[in-house]
Amino acid sequence: MTRHEQILERLMQHLERFKSESGELHADADLINELGLDSVNVMDMLLEIEDEFDISVPINMITDVRTPRQLADVIVKIESGE
Amino acid sequence: MSLFDKFDRVRDASGSLALDSEPSPLGTRIDEVHSPTRGRIGNSEVILAGTNNYLGLTFDPDCIAAAHRALDEAGTGTTGSRMANGSYGSHRQLEQELAEFYGMPSAMVFSTGYMANLGLITSLLGPGDSVILDADCHASIYDACRMAGADVIRFRHNDAEDLDKRLRRLADRREDGLDNALIIVEGIYSMLGDRAPLTEIAEVKRRRGGYLLVDEAHSMGVMGATGRGLAEAVGVEADVDFIVGTFSKSLGAIGGFAVSRHRDLELVRFDSRPYIFTASPSPATIASVREALAIVAQRPQLRDQLWRNAERLYAGLQEQGFELGPTPGPVVAALVESPRQAIAFWHALIEHGVYVNMMLPPASPNGRALMRISLSAAHSDEQVDAILDAFATLGSMLDPSTPA
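Calculation notes
Residue numbers run consecutively from 1 along every chain, following the written order of its sequence. Key to labels: chains lettered from A, ligands numbered from 1, both in the order written. Whole-chain, interface and lining totals are the exception, using all residues; otherwise, since this is a predicted model, local features are given only for residues with pLDDT of at least 70 and side-chain atom pairs are given and counted only at 80 or more. Computation of side-chain values: all heavy atoms of the structure, hydrogens and water removed. In what follows, a contact means two residues having at least one pair of non-hydrogen atoms within 4.5 Å. Buried area is a sum: the accessible area each of two parts loses on coming together, probed at 1.4 Å, counted once for each and added. What counts as a salt bridge is simple: a side-chain nitrogen of Lys or Arg found within 4 Å of a carboxyl oxygen of Asp or Glu. In protein, a polar contact requires one atom able to donate a hydrogen and another able to accept it; more generally it is a pair of N or O atoms within 3.5 Å, and residues adjacent in sequence count only if both atoms are side-chain atoms. Here a helix means four or more residues in a row that DSSP labels H or I, a strand means two or more in a row labelled E, and each is numbered from the N terminus. Ten residue types, Ala, Val, Leu, Ile, Met, Phe, Trp, Tyr, Cys and Pro, are classed as nonpolar, four, Asp, Glu, Lys and Arg, as charged, and the remainder, Gly among them, as polar. Nine residue types can take part in a nonpolar core, namely buried Ala, Val, Leu, Ile, Met, Phe, Trp, Tyr and Cys, and a core is a set of them joined through side-chain atoms within 4.5 Å. With a 1.4 Å probe rolled over the protein chains alone, any residue whose accessible area is under 20% of its type maximum counts as buried; one over 50% counts as exposed, and the rest are partly exposed. An automatic or database domain assignment provides the domain bounds reported here. For every element, the axis is a line fit to its C-alpha atoms; helices are fit only across the contacting stretch, and the angle between N-to-C directions ranges from 0 to 180 degrees. Small angles under 35 degrees read as roughly parallel and large ones over 145 as roughly antiparallel, with 65 to 115 read as roughly perpendicular and the rest as oblique. Note on convention: near helix rotated counterclockwise from far helix by under a right angle means a left-handed crossing. Clockwise means right-handed. We call two strands paired when DSSP finds no fewer than two bridges between them. Place the viewer so that the strands point away; then a crossover is right-handed whenever the path from the first strand over the helix to the second strand goes clockwise. UniProt positions are given in the numbering used here, feature names are shortened, and annotations may be inferred rather than shown by experiment.

The subject of this paragraph is the interface of chain B and chain A. Listed as interface residues are 17 residues of chain B and, on the opposing side, 16 residues of chain A. Interface of chain B and chain A: buried area, both sides summed, is about 1400 Å²; carbon and sulfur atoms make up 45% of it. The three residues of chain B that bury the most area against chain A are B:Arg154, B:Arg156 and B:Arg169, which together make up 41% of that side's buried surface. Where chain B touches chain A, the interface holds 8 salt bridges. With a shortest N-O distance of 2.9 Å, A:Asp51 and B:Arg166 are connected by a salt bridge. Taken together, chain B and chain A are joined by 12 residue pairs in polar contact (both at pLDDT 80 or more). Of all the secondary structure elements, the ones that give two or more residues to the side of chain B that touches chain A are β6 (151-155) and α6 (160-172) of chain B. With 6 residues, α6(B) is the single largest residue contributor to the side of chain B that touches chain A. Its residues placed into classes, the side of chain B that touches chain A shows 7 nonpolar, no polar and 10 charged.

In terms of nonpolar packing, the biggest core is built from 94 residues, with B:Val185, B:Met371 and B:Phe391 touching the most fellow members. Three or more residues apiece are contributed to this core by two domains, here domain 1 (5-58 + 300-397) and domain 2 (78-281) of chain B. The residues touching B:Val185, leaving out its near neighbours within four places in the chain, are B:Cys137, B:Phe155, B:Ala196, B:Leu198, B:Ile201, B:Leu212, B:Leu213, B:Val214 and B:Asp215. Listed in part, the 56 residues of the second largest apolar core include A:Leu25, A:Leu37, A:Leu71 and B:Cys145.

Below, the discussion takes up the packing of helix α12 (residues 300-319) of chain B against helix α14 (residues 381-394) of chain B. Residues and elements named next belong to chain B. With their axes 10 Å apart at the nearest point, α12 and α14 run at an angle of 20° to one another. The angle between α12 and α14 places the two elements in the roughly parallel class. Crossing of α12 against α14: the hand is right-handed. Counted together, Gln305, Asn309, Arg312, Leu313, Gly316 and Leu317 of α12 and Asp381, Val384, Asp385, Ile387, Leu388 and Phe391 of α14 form the full contact between these two elements. Looking at the contact of α12 with α14 residue by residue, the classes come out as 6 nonpolar, 3 polar and 3 charged.

Attention shifts here to the pairing of strand β5 (residues 130-134) of chain B. Residue and element names in this part refer to chain B. For β5, a buried count of 5 out of 5 residues is recorded, marking the element as mostly surrounded by other parts of the structure. Along β5, one buried face is formed by Ser130, Ile132 and Asp134 and the opposite face, lined by Val131 and Leu133, is buried too. Here β5 runs beside β6; their pairing, made up of 5 bridges, is parallel. When the bridges of β6 are listed, aspartate 134 appears paired with phenylalanine 155. In this fold, the crossover linking β5 to β6 by way of helix α5 (residues 139-148) has right-handed handedness. Judged from the 4 bridges that link them, β5 and strand β7 (residues 181-186) form a sheet pairing that is parallel.

Let us now look at the UniProt feature "domain: Aminotransferase class I/classII large" (unreviewed entry) in chain B. Look at the UniProt record and you will see "domain: Aminotransferase class I/classII large" (unreviewed entry) annotated at residues 46-391 of chain B. The span residues 46-391 of chain B carries 42% helix and 16% strand; its end-to-end C-alpha distance comes to 14 Å.

Structure below.
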């Protein structure tokens, strides 16, 4: 399993709790339009992810993130120090 | 796809919640304001209990007289920016008085509180700098951080340990420490009325480094022996680098300010676009603010009265079983399950002669709706009792088991 896949798997677990009230949870689901999160939900989830991976994810780096896969891209990038 | 299609959600929500008919809890039209605590909304004479008019100075005779004089002597407006023709003697005098009030070398006056945050933060921070802000900070702070282009990191609301953890992570990946990091918190948070654990936050800042900005919009004039705010009240002013505040709450007018222990704040004047590219406050506004600032220092009994009112209201609502924000204070928030319940309750309160603010998520935290009451030193005991009576009469509407 690549690091990207590991991170994506953990993100999907964090997103489980939004599944009930929304569409199907998949790696390319739109967090806001499909899964029904609002911008505050996304930022709050980010706090948990930062703690889990012990990294800082500045919210300005996720401005263009729409899906769990794109969020995993950003985290991989931060972890590798890019 | 038209430009207005993006408003579909707002349009739907506004229609389904009947927010488009008068009186409306959002953008309420207050038809007449008789005093700091009384007004008319439609056919209802109401007690105003949602105006942030903490010291009740909007109708203070000295403030009004000062504004009248300035209007007669200096005209209706400055018609220009602080950078061009909009810096009158009185603007500079107010800055000097603010600097003296805080015992700091430098102060800047802005046209609104929103612009004080925008003007200071966008100028202090740029790409490559970091800002670590409390998750519940006001929209003006978020907007400023985004405009500044800095890395924006949130910490869990009022959690100094969480701040410490995030500063540690930030320091770990930097060679030059936290010299270009700014921590931002508020004195009193506007929605739930809770306060920052500023003693603990100042301790983290001393240990880790970085600069500390405290937005005292809701705590200036309200807390501290001389009314300087939460930092004064808990004795950590020496650790605070910047204080931002507003003229539109305890000072009863409009405008904003920033003060700093760093004399270099003066340089922000030459860089800050929200300071440079807007007209300055009118002479009458500046005159009433100067008078109000003097009153904050001279009349501590206003603060005492405000806190008596706040504590009585909080205790009364708590006794009635309302779920409230964590501490008594000039902002008392009752949490409500659904927006529909909140809207119905707001309308019923108006009919019972009480105006409060209604807040819906995402403006309110944790996905809950709120009835937000703000107290004033000008509220009488009878008015506080009347607010409590209205909540007692209508409280069953907020029972979670009542269908909305």
